[in-house]
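The primary structure of each chain is shown beneath.
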Amino acid sequence: MIAGRDQRRKFSNKLMLVLAAAATVLALLPLGSILLYVATKGLLALNWDFFTQLPKPVGEPGGGLANAIVGTLILVGLASVMGIPLGIMTGIYLAEFGRGRLAWLVRFTCDVMTGIPSIIVGIVVYGTIVVAMKRFSAIAGGVALAIIMLPLVTRTTEEMLKLVPNSLREASLALGASQWRTTYSIVLRSAMGGIITGSLLAVARVAGETAPLLFTALSSRYWHTGLDQRIASLPVYIYTYATTPYEEMHRLAWGAALVLVAMVLVTSIAARLAGRRAGGGR
Amino acid sequence: MDTRLLVEDFSAWYGQTQAVKNVTLPVYASQVTAIIGPSGCGKSTFIRCLNRLHEVIPGTRTRGRVLLDGQNIYDDKVDPAEIRRRVGMVFQKPNPFPTMSIFDNVAAGLRVHGLPPGTTAEEVVEKSLKMVGLWDEVADRLQDSGVSLSGGQQQRLCIARALAVEPEVLLMDEPCSALDPVSTLKIEELIKGLKEKYTIVIVTHNMHQAARVADYTAFFLNGQLIEYGVTSDIFTNPRDQRTEDYITGRFG
Ligand SMILES: Nc1ncnc2c1ncn2[C@@H]1O[C@H](COP(=O)(O)OP(=O)(O)O)[C@@H](O)[C@H]1O
Ligand SMILES: [Mg+2]
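Residues numbered from 1 in each chain as written. Chains lettered and ligands numbered in written order. Predicted model: local features only at pLDDT ≥ 70, side-chain atom pairs only at ≥ 80, totals over all residues. Heavy atoms only, no water.

The UniProt record annotates "domain: ABC transmembrane type-1" (unreviewed entry) at residues 69-271 of chain A. The distance from the first to the last C-alpha atom of residues 69-271 of chain A is 21 Å, and the span holds 81% helix and 0% strand. (UniProt positions renumbered as here; feature names shortened; annotations may be inferred. Helix = DSSP H or I, 4+ residues; strand = E, 2+ residues; numbered from the N terminus.)

So, about helix α8 (residues 179-207) of chain A. When the terminal C-alpha atoms of α8 of chain A are compared, their 36 Å separation across 29 residues is substantially less than the 42 Å that a helix rising 1.5 Å per residue should span. The principal kink in α8 of chain A, of about 60°, is found at Met192 of chain A. (Expected span 1.5 Å × (residues − 1). Bend = angle between axes of the 7 residues up to and from the residue.)

Residue and element names in this part refer to chain B. Spatial strand order, β6-β7-β8-β3-β9-β10: six strands in an open sheet with mixed pairing. Two strands lie at the open edges of the sheet, namely β6 (87-90) and β10 (224-230), each paired on one side alone. Neighbouring strand axes in the sheet, compared pairwise and without regard to direction, differ in orientation by 15° on average. Relative to β6, helix α6 (residues 151-163) is tilted by about 170°, and along the sheet it contacts β6 and β7 (169-173). (Pairing = 2+ DSSP bridges. Axes fitted to C-alpha atoms, helices over the stretch in contact; angles between N-to-C directions. Contact = heavy atoms within 4.5 Å.)

Let's shift gears to the packing of aromatic side chains. One pass over the full model with this rule turns up twelve aromatic pairs over all chains. Their ring planes at 35° and their centres at 5.1 Å tell us that Phe97 of chain A and Trp180 of chain A sit as a pair that is tilted. In this pair, Phe97 of chain A sits in helix α3 (residues 66-97) while Trp180 of chain A sits in helix α8, placing the two residues 83 residues apart along the sequence. Under the relative-accessibility criterion, Phe97 of chain A is labelled partly exposed at 26%. Under the relative-accessibility criterion, Trp180 of chain A is labelled exposed at 57%. Pairing Tyr126 of chain A with Phe136 of chain A gives two aromatic rings, centres 6.1 Å apart and planes at 35°, and the pair type is tilted. Separated by ten residues along the polypeptide, Tyr126 of chain A in helix α5 (residues 118-133) and Phe136 of chain A in the loop between α5 and α6 (138-163) bring together distant segments of the chain. When its relative accessible area of 26% is taken as the criterion, Phe136 of chain A is described as partly exposed. Lying across the ring of Trp13 of chain B, Arg61 of chain B places its NZ or CZ 4.0 Å from the centre. Over the ring of Phe97 of chain B we find Arg161 of chain B, and its NZ or CZ is 4.4 Å from the ring centre. (Phe/Tyr/Trp six-rings, centres within 6.5 Å; stacked < 30°, edge-to-face > 60°. Buried < 20%, exposed > 50% of the residue type's maximum accessible area, 1.4 Å probe, protein only. Lys NZ or Arg CZ within 6 Å of the ring centre and 35° of its normal.)

Read across the sheet, four strands follow the order β2-β1-β4-β5 (chain B) without closing on themselves; strand pairing throughout is antiparallel. The open sheet has two edge strands, β2 (17-28) and β5 (71-72) of chain B, and neither has a second partner.

Turning next to the UniProt feature "transmembrane region" (unreviewed entry) in chain A. All names here are of chain A. Here, UniProt's "transmembrane region" (unreviewed entry) annotation points to residues 15-39, 68-95, 102-129, 135-153, 186-207 and 252-274. Helix makes up 100% of residues 15-39 and strand 0%. Its end C-alpha atoms lie 35 Å apart. With 100% helix and 0% strand, the stretch residues 186-207 has end C-alpha atoms that lie 32 Å from each other.

A few words on the pairing of strand β3 (residues 32-36) of chain B. All names here are of chain B. Taken across its five residues, β3 has five buried, putting it largely inside the fold. Where β3 lies against strand β9 (residues 216-221), four bridges are found, and the strand directions are parallel. Bridge pairing in β9 links Ile35 to Ala218.

What follows concerns the interface of chain A and chain B. Where interface size is given, it is often the accessible area lost as the parts come together that is meant. Taken together, the contact pairs 17 residues of chain A with 24 residues of chain B. For the pair chain A and chain B, the summed buried area comes to about 1,800 Å², and 64% of that belongs to carbon and sulfur atoms. Viewed at the interface, chain B and chain A are joined by one salt bridge. Where chain A packs against chain B, one counts five residue pairs in polar contact (both at pLDDT 80 or more). Among the elements of the structure, α7 (166-174) and α8 of chain A are those that each provide at least two residues to the side of chain A that touches chain B. (Buried area = accessible area lost by both parts, 1.4 Å probe. Salt bridge = Lys/Arg side-chain N within 4 Å of Asp/Glu carboxyl O. Polar contact = N/O pair within 3.5 Å; in protein donor to acceptor, adjacent residues only side chain to side chain.)

Moving on, we come to the pattern of salt bridges. Residue and element names in this part refer to chain A. Summed over the entire model, instances satisfying the criterion amount to 29 salt bridges over all chains. Measuring nitrogen to oxygen at the nearest pair gives 2.9 Å for the salt bridge that ties Glu158 to Arg107. Linking Glu158 in helix α6 with Arg107 in helix α4 (residues 100-115), this pair joins segments that are 51 residues apart in sequence. Put simply, Arg205 and Glu209 hold a salt bridge, and the shortest N to O gap is 2.8 Å. Relative accessible area serves as the criterion here: at 39%, Arg205 is assigned to the partly exposed category. Ionic contacts of the salt-bridge type, sharing partners, join the residues Arg107, Asp111, Arg155, Glu158, Glu159 and Lys162 into one network.

Structure (structure tokens):
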């Protein structure tokens, strides 16, 4: 009797294990095939020229997407410079000071913004900044990406700060430290790992955004000439080149895709490492 | 005997709940005063009012006066940060700053308030660690993380951190309840040694601990001060029936 029940339990344990493993494989399959497909297609396009040359006019062979690589770095950099500090500060406000209606409103807005399709952000930035400046620009693209990053950074910062035990805040306050000092030198420092991880994941998230850039930064065949000028980026080049009929451009689009995936991958790995190194909320 | 702290008709609330009810109590200088009473009777709330830490919890309020050397710490002009320097606190669970080294933990308060004139951080840290008997155990690893120490060591580190800013009063909220008996004994010895220089208020739910370390004992019940007096009187000759019931273990 007891032996039978024991065996049944062992069997169902095993069955669940097999099912879970199968589900994992099934989930990893599309991810793996995407990576493999992009890698095989992309590797054919990558050469020295790809990283150093400007795009050639239609029909001419060769050339590269160096300007788009630099452009993506600039756009993501601009977005980070604007989005990360603002997001961290808003997160600090929500976690440490935010009570009452204003905090509720900020939190609600963040949640809504996380769900808003990025193309909407693009249209809004177009309607405001692009129209006001009367031209597409890197700065408009950076603002659009920053707006997409903002709720992500804010909410991770808030979550991470909330993981810091209250006993540390009280220990600091009991020493006579002000609330700001407590937040800055105790709470923020304890949560730093998690905040860096969250910020880097937000960077990885916006690096591949295409739709908002079509309305804001547009694209360019040349090197970047100023933040108030239109600027090239990898996602937009993938989009435009992939939809042309030219074999050569398809090839470059695959190359761009691989470079973009690699950038995102490296950022994500850096995010995980940063989280582990700093030890999160420990 | 000097009165270091004089609590006058003091009450404290969490929202609508009153946790401390019209308490009046003198705390004598260079003496150990124990607060005893069943769990939930307002002991923690009460001592958190003595360094104005109660007010950092949203929705709380207080009424009444607490005189520190004659000055009301709840006066509008008083800076709570300065009060918290003069009235240090040690918590129930050891809470060293996990991102800081042993050295930086002890020096944390100095970074806020500045060094006493004519001293260096190294001197103050060494002196504070010696006072809690931790110096010999950690002298060769001051740069290790504060959380690498054992629980008892961590608690003594927290006491050193509180002492480094030279408070006049040291509040301790069940400082041994998370510790093993050996560490508890060490802390009790430490308390006896510290009382020459500091006025100590210790919350404990362990009556034997109160009997061992305290000169004066206050018995709280449901937020009220039931009885207060010399420790030996409270334990051998309580005036109130409820005190007697509590110390003879009939409830709590
Ligand atoms: N943060 C809080 N919010 C609301 N009520 C609290 C809070 N902390 C304590 N209380 C209440 O106040 C009363 C006294 O609690 P406390 O001072 O912690 O008692 P003790 O330290 O004697 O165990 C209890 O009824 C408790 O439920
Ligand atoms: Mg308590």
